[in-house]
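Geometric and topological summary
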Amino acid sequence: MGDDAHGHAIALRFNGASWSAASLPAAGNDNLQGVKAFSPTDVWAVGSQVPNLASQGRTLVMHWNGSAWSVAASANPDPNSDILHAIDGVSSTDLWAVGQQAQDETLTGVPPGTRTLAEHRNGTRWSATTTPNTGDNDSLNGVAAVSSTAVFSAGAFVQTGGSIPIDRTIAERWNGSSWAVQASADVGATDNLLTGAAAIPGTGSVWAVGFRLTSSNVDQTLIERGP
């Protein structure tokens, strides 16, 4: 999943021997960032689209039914920008997508910037749920579903108040009724960001991955396990 750098989403499929590009419906300057497959006839992908010059981003959800991809209706709670980064769930009737909403503070100069975004599909429709934020430019970049009552998301936010703003990790958990911030680790006093998450089969735990910046401004891998 991704885009061709010219405003068109890309989906590639492996048939056991080779990769081939799938035909996707045109959504308007679109990009796909996450995918979840339940079966050969039930695959979901999420990302964003920019349908017109007045929009900074709208959520994009696509579904593969075994023969063709189609665009599914999704929620856009913020009037300016809504973007989905990742998707996971225990079934196509209990599915989560996470990302960010609102305008970026680094572009507008107006705090608090982007806010966390989580959407749920109950088998009939996608709807946005309330998620907590811990600083400026909060974003959820990965999601992992252990069960219907244990869904974990990971991302980053900008911590202000110091000599310079720095990125810090953020982790949240869905307990079946609400999202709450969970403890997550940061290494050192420089940027730490989580960009993906996956459930560990047979356990109640998840892995979250990303990167951090060393004191000498070198990017290094970051891996965390929780909760």
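Residues numbered from 1 in each chain as written. Predicted model: local features only at pLDDT ≥ 70, side-chain atom pairs only at ≥ 80, totals over all residues. Heavy atoms only, no water.

**Topic: the sheet that holds strand β13 (residues 136-147)**
To summarise the sheet geometry, strands pair through backbone hydrogen bonds and adopt either a parallel or an antiparallel arrangement. As a reminder, the rule being used: Between any two strands, pairing holds if DSSP finds at least two bridges. A run of H or I in DSSP becomes a helix once it reaches four residues, and a run of E becomes a strand once it reaches two; helices and strands are each numbered from the N terminus. Whenever a helix is involved, its axis is fitted only over the stretch in contact; in every case the axis is a line through C-alpha atoms, and angles between N-to-C directions fall within 0 to 180 degrees.
Taking strand neighbours across the sheet as the criterion, the four strands line up as β13-β14-β15-β16 in an open arrangement whose pairing is antiparallel. The two strands at the open ends of the sheet, each matched to only one other strand, are β13 and β16 (179-182). On average, adjacent strands in this sheet sit at an angle of 30° to one another, irrespective of strand direction. In this sheet, strand β14 (residues 150-159) lies alongside β13 in antiparallel orientation, the contact comprising eight bridges.

**Some points on the sheet that holds strand β8 (residues 69-72)**
Reading across the sheet, the four strands line up as β5-β6-β7-β8 and stay open at both edges, with antiparallel pairing between neighbours. Strands with a single pairing partner mark the edges of an open sheet, and in this sheet they are β5 (30-39) and β8. Shown here is a sheet whose adjacent strand axes are inclined to one another by a mean of 25°, direction ignored. Pairing between strand β6 (residues 42-49) and strand β7 (residues 58-64): seven bridges, direction antiparallel. Following the sheet pairing, Val43 is matched in β7 by Trp64.

**Some remarks on the pattern of salt bridges**
It is possible for side chains bearing opposite charge to pair when their charged atoms get close. What counts, and what does not: Here, a salt bridge means any side-chain nitrogen of Lys or Arg that lies within 4 Å of a carboxyl oxygen of Asp or Glu. For every residue, the accessible area obtained with a 1.4 Å probe (protein chains only) is divided by the maximum for its type, and the residue is called buried under 20%, exposed over 50%, and partly exposed between those limits.
Overall, the coordinates contain four salt bridges when judged by the stated rule. The closest approach of N and O atoms between Lys36 and Asp88, which form a salt bridge, is 3.0 Å. With Lys36 in strand β5 and Asp88 in strand β9 (residues 82-91), the pair connects residues that are 52 residues apart, well separated along the chain. On the accessibility criterion, Lys36 (22% relative accessible area) is partly exposed. Judged by its relative accessible area of 9%, Asp88 falls in the buried class. With its nearest N and O atoms 2.8 Å apart, the salt bridge here joins Asp82 to Arg58. Of the two residues, Asp82 is situated in strand β9 and Arg58 in strand β7; the sequence distance between them amounts to 24 residues.

**With respect to the packing of aromatic side chains**
Two measures describe an aromatic ring pair: the distance that separates the ring centres and the angle between the ring planes. The line we're drawing: Each Phe, Tyr or Trp ring, with Trp reduced to its six-membered ring, pairs with another whose centre is within 6.5 Å; inter-plane angles below 30 degrees give stacked pairs, above 60 give edge-to-face pairs, and intermediate values give tilted ones.
Summed over all chains, the structure comprises six aromatic pairs. Pairing Trp96 with Trp174 gives two aromatic rings, centres 4.8 Å apart and planes at 55°, and the pair type is tilted. With a gap of 78 residues between them, Trp96 in strand β10 (residues 94-101) and Trp174 in strand β15 (residues 166-174) connect regions that are remote in the sequence. Of the two residues, Trp96 and Trp174, neither departs from the other in class, the shared state being buried. Seen from their ring centres, Trp96 and Trp179 are 5.2 Å apart, and the 90° between their planes marks the pair as edge-to-face. Separated by 83 residues along the polypeptide, Trp96 in strand β10 and Trp179 in strand β16 bring together distant segments of the chain. Taken as a pair, Trp96 and Trp179 share a single burial class, namely buried. Through a chain of ring-to-ring contacts, the aromatic side chains of Trp96, Trp174 and Trp179 assemble into a single cluster.

**Focus on the side chain of Thr131**
For the record, the criterion: Think of a polar contact as two N or O atoms within 3.5 Å of one another; within protein, one of them needs to be a possible hydrogen donor and the other a possible acceptor, and neighboring residues in sequence only count if both atoms come from side chains. Throughout, a contact is declared for two residues whenever any of their heavy atoms are within 4.5 Å.
With respect to the element layout, Thr131 can be found in the loop between β12 (126-129) and β13. Here Thr131 falls in the buried class, since its relative accessible area comes to 10%. Among the polar contacts made by the side chain of Thr131, one reaches the side chain of Thr116 at a distance of 2.7 Å. Excluding residues that lie within four positions of it along the chain, Thr131 makes contacts with Thr116, Leu117, Ala118, Glu172 and Trp179.

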